[in-house]
Each structure stands twice: as structure tokens, then as C-alpha cells.
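# Fold and geometry: a report
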Amino acid sequence: DAGVTQSPTHLIKTRGQQVTLRCSPKSGHDTVSWYQQALGQGPQFIFQYYEEEERQRGNFPDRFSGHQFPNYSSELNVNALLLGDSALYLCASSGSSAGYEQYFGPGTRLTVT
Amino acid sequence: ELKVEQNPLFLSMQEGKNYTIYCNYSTTSDRLYWYRQDPGKSLESLFVLLSNGAVKQEGRLMASLDTKARLSTLHITAAVHDLSATYFCAVDSPSGGGADGLTFGKGTHLIIQP
């Protein structure tokens, strides 16, 4: 049983560019949450997708947007990148069948120069 | 706004010693999680605590939850070098029923020396 997968593993972008990160949830899970983890900090909740809609959102600007597909996979898009967007982006999947416990993927390391 | 505070933020200890990491949170929550993170890696789930008085143990780690005090502890018994990592506690929102985004503490960076 494959766990949560994310792509790419690493990414380097320039200020002002746009980036798309991808996540495939664990089998049987229908909910995907995205987190940003800056170096030396705890993860911060960006948003959560369920049934292809954004169900909950953390304190992040509109530059951060997402999408969930019918197969439950998800994308995180960040526009107009800032240096401060450099971080590890973690995807977590969950579902009622698993008691809503969140399982985290390996993450995408984004560096903005 | 839900806030989660961990202490200490940094802990250096010797092998064989016992220690406790504390996690306080500001409002009622449905559940509390403990995660481990190794450098450059993702989060590994250690414990999920669902009710007042819950206690779970795995190897040298034991976690407990006191919902009245809004406090969870992660106790390390007879520490070994392999337990060196950063440990996070996290809680979900009061109304989430477990289906919400998590609020994390800043983490406790644990170094265990021979």
C-alpha cells in the first residue's frame, strides 16, 4: 500500500515566478491538507481539500491556491513567489476510514532565489 | 486562535537518562498528536491521544493527555542516541471532529549524547 507521495522532491524558482506542487493521498483517503514548514519551525496549515473543494484555510494569502481532482490527488499553486516562500511543503492525507488521522508525505523542498 | 506551546524547545541529554517534553494548548481540542521529524525528512506519527487521561506507550516513549489542564507530555525513558530528532505536538480545532487542519507547536529539538 503506497503512502502519501509528493512531487517534485526539490525545486528552485526565482522571485515572481509561479510553482505547482503535487500530492497523491494514501489509498482510501479522501482529504488532503497542505502545510508549509519554514526552517526551524513547526508546520503551518495552508488549506484542506475535500470533495474537490477547499474546506478550510489557514492564514495564508490568496497567492496560495489549490485544487483537488476526482481521484483525490491535489495540487498546491503559489503565484508571485517571494523569498519568504522558501520552505518544505508537506502534504497530508486523511479520511473517515482512518479516523481522520493525518499521514504526511515526504515533502517538497522549495527554494526561491 | 488556537495556540500550541512546547517546552523545552531545545534539549540535550545523556543516554540512559529520563526526560519529559511538555505541550500546552490554548483551547479545547478533539485530539492531540505527537510527531517525530528527522533532519530533512517528513513527519512520522508517534501517538494520537483522543481523550482525557489517555496514555500510550511505544518503546521508550510514553505520551499522556490531560484535557482539563490542556496539557500533554511526552516522556522519554532511558534515552538512546536513536531517539535524537525534533518532536512536535499538534492539535486540531475544537469544532473539527478530527477533520481539520492541525496547529503545531514549534517543536523540541532533542539531542541525545553518549
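One can find the structure itself at the top, above this paragraph.
Worth saying up front: this structure is predicted, and the values here are computed from it rather than measured. (Residues numbered from 1 in each chain as written. Chains lettered and ligands numbered in written order. Predicted model: local features only at pLDDT ≥ 70, side-chain atom pairs only at ≥ 80, totals over all residues. Heavy atoms only, no water.)

On to the overall build of chain B, then. The number of helices and strands found in chain B is 0 helices and 11 strands. Ordered by position in the sequence, the α and β elements of chain B form the string β-β-β-β-β-β-β-β-β-β-β. Against the 2.2 N^0.38 benchmark of 13 Å for 114 residues, chain B shows a C-alpha radius of gyration of 14 Å, consistent with a compact globule. Overall size of chain B, expressed as C-alpha extent along the three principal axes, is 45 × 30 × 20 Å. (Helix = DSSP H or I, 4+ residues; strand = E, 2+ residues; numbered from the N terminus. Rg over C-alpha atoms; globule rule 2.2 N^0.38 Å.)

A few words now on the sheet that holds strand 1 (residues 4–7) of chain B. Sheet strands pair by backbone hydrogen bonding; their relative direction is either parallel or antiparallel. Residue and element names in this part refer to chain B. Taken together, the 5 strands give an open sheet; going across it, the order is 1-3-8-7-6, and neighbouring strands pair in antiparallel fashion. At either end of the open sheet lies a strand with only one pairing partner, and these are strand 1 and strand 6 (55–58). The mean inter-strand angle of the sheet, taken between neighbouring strand axes irrespective of direction, is 15°. Across 6 bridges, the pairing between strand 7 (residues 61–66) and strand 8 (residues 71–76) is antiparallel. Of the residues in strand 8, the one forming a bridge with Leu 61 is Ile 76. (Pairing = 2+ DSSP bridges. Axes fitted to C-alpha atoms, helices over the stretch in contact; angles between N-to-C directions.)

Let us look at the interface of chain B and chain A. Each partner contributes to the interface: chain B provides 20 residues, whereas chain A provides 19 residues. Contact between chain B and chain A buries roughly 1,500 Å² in total, counting both sides, with carbon and sulfur atoms accounting for 49%. At the junction of chain B with chain A, the criterion picks out 0 salt bridges. Inspection of the region where chain B meets chain A yields 6 residue pairs in polar contact (both at pLDDT 80 or more). Among the secondary structure elements, those contributing two or more residues to the side of chain B that touches chain A are strand 4 (32–37), strand 5 (43–49) and strand 10 (102–104) of chain B. By residue class, the composition of the side of chain B that touches chain A is 8 nonpolar, 8 polar and 4 charged. (Contact = heavy atoms within 4.5 Å. Buried area = accessible area lost by both parts, 1.4 Å probe. Salt bridge = Lys/Arg side-chain N within 4 Å of Asp/Glu carboxyl O. Polar contact = N/O pair within 3.5 Å; in protein donor to acceptor, adjacent residues only side chain to side chain. Nonpolar A, V, L, I, M, F, W, Y, C, P; charged D, E, K, R; others polar.)

So, about the state of the cysteines. Disulfide: a covalent bond formed between the sulfur atoms of two cysteine residues. For the structure on display, the rule yields 2 disulfides over all chains. Here Cys23(A) pairs with Cys91(A) through a disulfide, and the sulfurs are 1.7 Å apart. Across the S-S bond of Cys23(A) and Cys91(A) the torsion is about -50°, and the bridge reads as left-handed. In this pair, Cys23(A) is assigned in strand 3 (residues 19–24) and Cys91(A) in strand 9 (residues 87–94), connecting sequence segments 68 residues apart. Taking relative accessible area as the criterion, Cys23(A) reaches 2% and is therefore assigned buried. Covalently, Cys23(B) is tied to Cys89(B) through a disulfide, its sulfur atoms 2.0 Å apart. Torsion about the S-S bond of the Cys23(B) and Cys89(B) cystine: about 80°, corresponding to right-handed handedness. Taken together, the residues span a long stretch of sequence, with Cys23(B) in strand 3 (residues 19–25) and Cys89(B) in strand 9 (residues 85–92) at a distance of 66 residues. (Disulfide = S-S within 2.5 Å. Buried < 20%, exposed > 50% of the residue type's maximum accessible area, 1.4 Å probe, protein only.)

With that out of the way, let us pick up the packing of aromatic side chains. Evaluated as defined, the whole model comprises 10 aromatic pairs over all chains. When the ring of Phe104(A) is compared with that of Phe104(B), the centres are 6.2 Å apart and the planes differ by 75°; the resulting orientation is edge-to-face. Residue Phe104(A) is found in strand 10 (residues 103–104), and its partner Phe104(B) is found in strand 10; the two belong to separate chains. Aromatic pair Tyr33(B) and Tyr35(B): ring centres 6.1 Å apart, planes at 20°, arrangement stacked. The exposure class assigned to Tyr33(B) is buried, which follows from its relative accessible area of 0%. (Phe/Tyr/Trp six-rings, centres within 6.5 Å; stacked < 30°, edge-to-face > 60°.)

Our focus in this paragraph is the pairing of strand 4 (residues 31–37) of chain A. All names here are of chain A. For strand 4, a buried count of 7 out of 7 residues is recorded, marking the element as mostly surrounded by other parts of the structure. Because side chains alternate across strand 4, one face comprises the buried residues Thr 31, Ser 33, Tyr 35 and Gln 37, and the other comprises Val 32, Trp 34 and Gln 36, equally buried. Bridging between strand 4 and strand 5 (residues 44–50) involves 6 bridges; their strand directions are antiparallel. In the strand pairing of strand 5, Trp 34 is matched with Phe 47.

Further remarks concern unusual backbone geometry. In the segment running from Ser7(A) into Pro8(A), the intervening peptide bond is cis, with an omega of -10°. Mapped onto the elements, Pro8(A) comes out in the loop between strand 1 (5–7) and strand 2 (10–13). That bond from Asn7(B) to Pro8(B) is cis: its omega, 0°, falls within 30 degrees of zero. Along the polypeptide, Pro8(B) turns up in the loop between strand 1 and strand 2 (10–14). Despite not being glycine, Glu51(A) shows a phi value in the positive range, around 50°. Within the element layout of this structure, Glu51(A) appears in the loop between strand 5 and strand 6 (53–57). Phi is positive for Arg70(B), which is not a glycine, with a value near 55°. Note that Arg70(B) resides in the loop between strand 7 and strand 8.

What is shown is where atoms sit, not what they do.
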